[in-house]
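Spelled out, the chains give:
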Amino acid sequence: GVYIANSLPAIFFGAFAGIASDIWAKSKVMLLSNSTRAFFSSLIPITLISGRSLYDLKIGYLILLAITFINSLSTQFFTPAEQSSIPILVKKDHLLAANSIYQVTTMGATIFGFALGSPLLRAFNKLSGVFRINGGEFFLLPICYLIASVFILNLKI
């Protein structure tokens, strides 16, 4: 279910999102996308609350599917705006290097993200425990989205 909820926005909205990110202001699209992902990612702990079922599916699971769908939909808008911003931000003679760095960091983040994800989440959980916050590791992702939003605010596109 999570895989389907993550894939459907790409299938149904990918082309529209690419066109929209070309029409609308790229920095605003990226900022709104990141803010949306930060907000909905911060709601993930709600999905852990046990409760009623609907068609033999826990309500928390259905909420998780909705959050996944919305985050994926936001990503469909963010990605083309991000990629099409590179030629605007970088001089033409540095474009090849900038695109290469973008691809390397994307792949590196994917590879190292899986390797470092668990230790980073454990460390963030311990750090949040110092402030007596249970389940603080759930707020690592929204915090990262908000930090990225601050950097996007400083872009002059």
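Everything that follows concerns the structure shown earlier in this document.
Read on for an overview of the structure. All values derive from a computational prediction rather than experimental measurement.

**Some points on the pattern of salt bridges**
- Applying the stated criterion to the full structure yields one salt bridge.
- One salt bridge connects Asp-22 with Lys-26, and the closest N-O pair in it is separated by 3.7 Å.

**Let's talk about a nonpolar patch on the surface**
- Among the surface-exposed residues, Ile-46, Ile-49, Leu-54, Tyr-55, Ile-59 and Ile-63 lie close enough to one another that they form a single nonpolar patch of about 600 Å² accessible area.
- Secondary-structure assignment places Ile-59 in helix H3 (residues 59–89).
- Exposure remark for Ile-59: the relative accessible area of 32% places this residue in the partly exposed category.

**Some thoughts on the packing of helix H1 (residues 2–23) against H3**
- The geometry of H1 relative to H3 is characterised by a closest axis approach of 8 Å and an angle of 30° between their N-to-C directions. The orientation of H1 relative to H3 falls into the category roughly parallel. The handedness of the crossing between H1 and H3 comes out as right-handed.
- Grouping the constituent residues of the contact of H1 with H3 by class yields 17 nonpolar, eight polar and one charged.

**Here we look at the packing of aromatic side chains**
- Evaluated as defined, the whole model comprises five aromatic pairs.
- A centroid spacing of 6.4 Å and a plane angle of 85° characterise the contact between Phe-16 and Trp-24, whose relative ring orientation is edge-to-face.
- Residue class for Phe-16 comes out partly exposed when judged on its relative accessible area of 46%.
- A residue is classified by how much of its surface remains accessible, and Trp-24, at 45% relative accessible area, is partly exposed.
- Seen in terms of ring centroids, Phe-16 and Phe-77 are 6.0 Å apart; in terms of plane orientation they differ by 85°. Their pairing is edge-to-face. With Phe-16 in helix H1 and Phe-77 in helix H3, this pair connects stretches of sequence that are 61 residues apart.
- Through a chain of ring-to-ring contacts, the aromatic side chains of Phe-16, Trp-24 and Phe-77 assemble into a single cluster.
- A cation sits over an aromatic face here: Arg-37 above Phe-78, 4.5 Å from the ring centre.

Thresholds applied
- Residues numbered from 1 in each chain as written.
- Predicted model: local features only at pLDDT ≥ 70, side-chain atom pairs only at ≥ 80, totals over all residues.
- Heavy atoms only, no water.
- Salt bridge = Lys/Arg side-chain N within 4 Å of Asp/Glu carboxyl O.
- Patch = residues over 30% accessible without salt bridge, like charges linked within 9 Å, V, L, I, M, F, W, Y side chains within 5 Å.
- Areas by Shrake-Rupley, 256 points an atom, 1.4 Å probe, with all protein chains shown as cover.
- Helix = DSSP H or I, 4+ residues; strand = E, 2+ residues; numbered from the N terminus.
- Buried < 20%, exposed > 50% of the residue type's maximum accessible area, 1.4 Å probe, protein only.
- Axes fitted to C-alpha atoms, helices over the stretch in contact; angles between N-to-C directions.
- Parallel < 35°, antiparallel > 145°, perpendicular 65-115°, else oblique.
- Left-handed = near helix turned anticlockwise from the far one by under 90°.
- Nonpolar A, V, L, I, M, F, W, Y, C, P; charged D, E, K, R; others polar.
- Phe/Tyr/Trp six-rings, centres within 6.5 Å; stacked < 30°, edge-to-face > 60°.
- Lys NZ or Arg CZ within 6 Å of the ring centre and 35° of its normal.

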